[in-house]
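Spelled out from the first residue to the last, the chains are:
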Amino acid sequence: MSQLPFLPFSKPTIDEATITAVGDVLRSGWITSGPKVQTFEAQLSEYFGGRPVRTFNSGTCTMEIALRIAGVGHGDEVITTPISWVATANVILEVGATAVFADIDPVTRNIDLAQVEAAITPRTKAIIPVYLAGLPLDMPKLYALADKYGLRIVEDAAQALGASWNGQRIGATGDLVSFSFQANKNITCSEGGCLVLNNADEARLAEKYRLQGVTRSGFDGLDVDVLGGKFNMTDIAAAIGLGQFAHIEEVTAHRRELARHYFKCFGSDFEQIYGAQLPPADFENSNWHLFQLVLPERQDDLPARATFMEQMQAHGVGVGYHYPPIHLLSLYRARGFKEGMFPLAEKVGRLIVSLPMFTPMTKADVERVVATVKAVLKAHG
């Protein structure tokens, strides 16, 4: 048992200036969507090269609304990855479409675009790629595929704020791009998300969908012409987001340095000796939202991941896992999915773990995590 304080898998950091800003909002008398939301959207738009941006109360509804804006509904198919938070597939069902999965690339653990192309049918309307751990897909290949078949892309960039592809920020180009500001993200609003859109018409439609389909005019004019919901971000959440967003560049740089140190501490022979798989060593494109290992299978009858997590926790180190395969959850099994359909995703989904990675972490914390990982794997190799 470790005598050191418990090191969690993730921990949000809210500075005093942000806490003060939230207090100012609470004292202002305007705590729902208002001037802070407008300021946050303006800053996000500038960050994404002037593209329209609208904020929401989650990074889930952003994808649902993006699908609605793209005209996806009953009779349509949307292709996505089995390795993501279940929200990525649930939003497809929410709009009445059919979720179609494609297996993953064994190295990046993102969706395999060759498998995506093989899954396209005349009913396919859109693709939702997921940038697992903050590592994007090959963007030119993704959009070449979309152009070839006339498909819309809803980028699930929930984990990828601050990531890029060949020097171009994720969100600055592309189709509809969804980000999350949930509590464990690199930049948080406590809860929330944003959607990057293509033009003013899409932005106005997004505004309708996020607040009951309402359009206002004059002092008392009100109309509803689409079925919307209640998805607006509050000024309280936006104040947190503004405080966090001010530090995005240094946060991203720090996480990349932590990732570099992880690789240095694991060493070039780690995979060979311990049988676990490291993530791709990408320090240019990924924002390193997560640092993930794929564990080796155990030689006994104990479950590899659960046992590893239990033993890491006993040594004072928290570990998460992202994610179990969506297609093997009961909701999706009931729709005909079963074991063996996506073998790479099933293996990764059974053995993947997320090691501690958060802004206040130090290199000494990384060294502690790596030493613990090696001790646990060595003890039960």
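Residues numbered from 1 in each chain as written. Predicted model: local features only at pLDDT ≥ 70, side-chain atom pairs only at ≥ 80, totals over all residues. Heavy atoms only, no water.

1. A few points about the UniProt feature "modified residue: N6-(pyridoxal phosphate)lysine" (unreviewed entry) in the chain
Reasoning step 1: Under the present numbering, the feature "modified residue: N6-(pyridoxal phosphate)lysine" (unreviewed entry) in UniProt falls on Lys185.
Reasoning step 2: Topologically, Lys185 is positioned in the loop between strand E8 (176-180) and strand E9 (193-196).
Reasoning step 3: Lys185 has contacts with Ala158, Gln159, Ser180 and His289, leaving out every residue within four places of it along the chain. (UniProt positions renumbered as here; feature names shortened; annotations may be inferred. Helix = DSSP H or I, 4+ residues; strand = E, 2+ residues; numbered from the N terminus. Contact = heavy atoms within 4.5 Å.)

2. Quick notes on the pattern of salt bridges
Reasoning step 1: Going through the model one piece at a time under the given rule, you end up with 16 salt bridges.
Reasoning step 2: Residues Glu249 and Arg169 are paired through a salt bridge, measuring 2.9 Å at the closest nitrogen-oxygen approach. In this pair, Glu249 is assigned in helix H9 (residues 248-266) and Arg169 in strand E7 (residues 168-169), connecting sequence segments 80 residues apart.
Reasoning step 3: Note on Glu249: relative accessible area 46%, which makes it partly exposed.
Reasoning step 4: One salt bridge connects Asp201 with Arg204, and the closest N-O pair in it is separated by 2.3 Å. Here Asp201 pairs with Arg204, and both are found in helix H7 (residues 200-210), just 3 residues apart, close to one helical turn. (Salt bridge = Lys/Arg side-chain N within 4 Å of Asp/Glu carboxyl O. Buried < 20%, exposed > 50% of the residue type's maximum accessible area, 1.4 Å probe, protein only.)

3. What about the environment of Glu41?
Reasoning step 1: Position of Glu41 relative to the elements: it lies in helix H2 (residues 35-47).
Reasoning step 2: According to the relative accessible area criterion, Glu41 is buried, its value standing at 9%.
Reasoning step 3: Taking the C-alpha atoms as reference points, Glu41 and Arg54, 13 residues apart in sequence, are found 6.0 Å from one another.
Reasoning step 4: Ignoring any residue separated from it by four or fewer positions in sequence, one finds Glu41 in contact with Val53, Arg54, Thr55 and Arg210.

4. With respect to the domain arrangement of the chain
Reasoning step 1: As assigned here, the chain comprises domain 1 (16-242) and domain 2 (248-379).
Reasoning step 2: The C-alpha centroid of domain 2 is placed 26 Å from the C-alpha centroid of domain 1.
Reasoning step 3: The partner domain 2 presents 39 residues to the 37 residues of domain 1 that form the contact.
Reasoning step 4: For the pair domain 1 and domain 2, the summed buried surface comes to about 3100 Å²; carbon and sulfur atoms form 59% of the total. (Domains from an automatic or database assignment. Buried area = accessible area lost by both parts, 1.4 Å probe.)

5. Details of the pairing of strand E1 (residues 53-56)
Consecutive residues of a regular strand have side chains that alternate between opposite faces of the sheet.
Reasoning step 1: Neither face of E1 is left uncovered, since the one carrying Val53 and Thr55 and the one carrying Arg54 and Phe56 both have all their residues buried.
Reasoning step 2: Alignment of E1 against E9, held across 4 bridges, turns out to be antiparallel. Within the sheet, the bridge partner assigned to Phe56 lies in E9 and is Gly193. (Pairing = 2+ DSSP bridges.)

6. So, helix H14 (residues 363-379)
Reasoning step 1: With 17 residues, H14 extends 24 Å between its outermost C-alpha atoms, agreeing within 8% with the 24 Å of an ideal straight helix rising 1.5 Å per residue.
Reasoning step 2: Buried within H14 are the following residues: Asp365, Val366, Arg368, Val369, Val370, Thr372, Val373, Lys374, Val376 and Leu377.
Reasoning step 3: Where H14 is buried, its residues meet H9, helix H10 (270-274), strand E12 (291-294), helix H11 (304-314) and strand E13 (352-355). (Expected span 1.5 Å × (residues − 1).)

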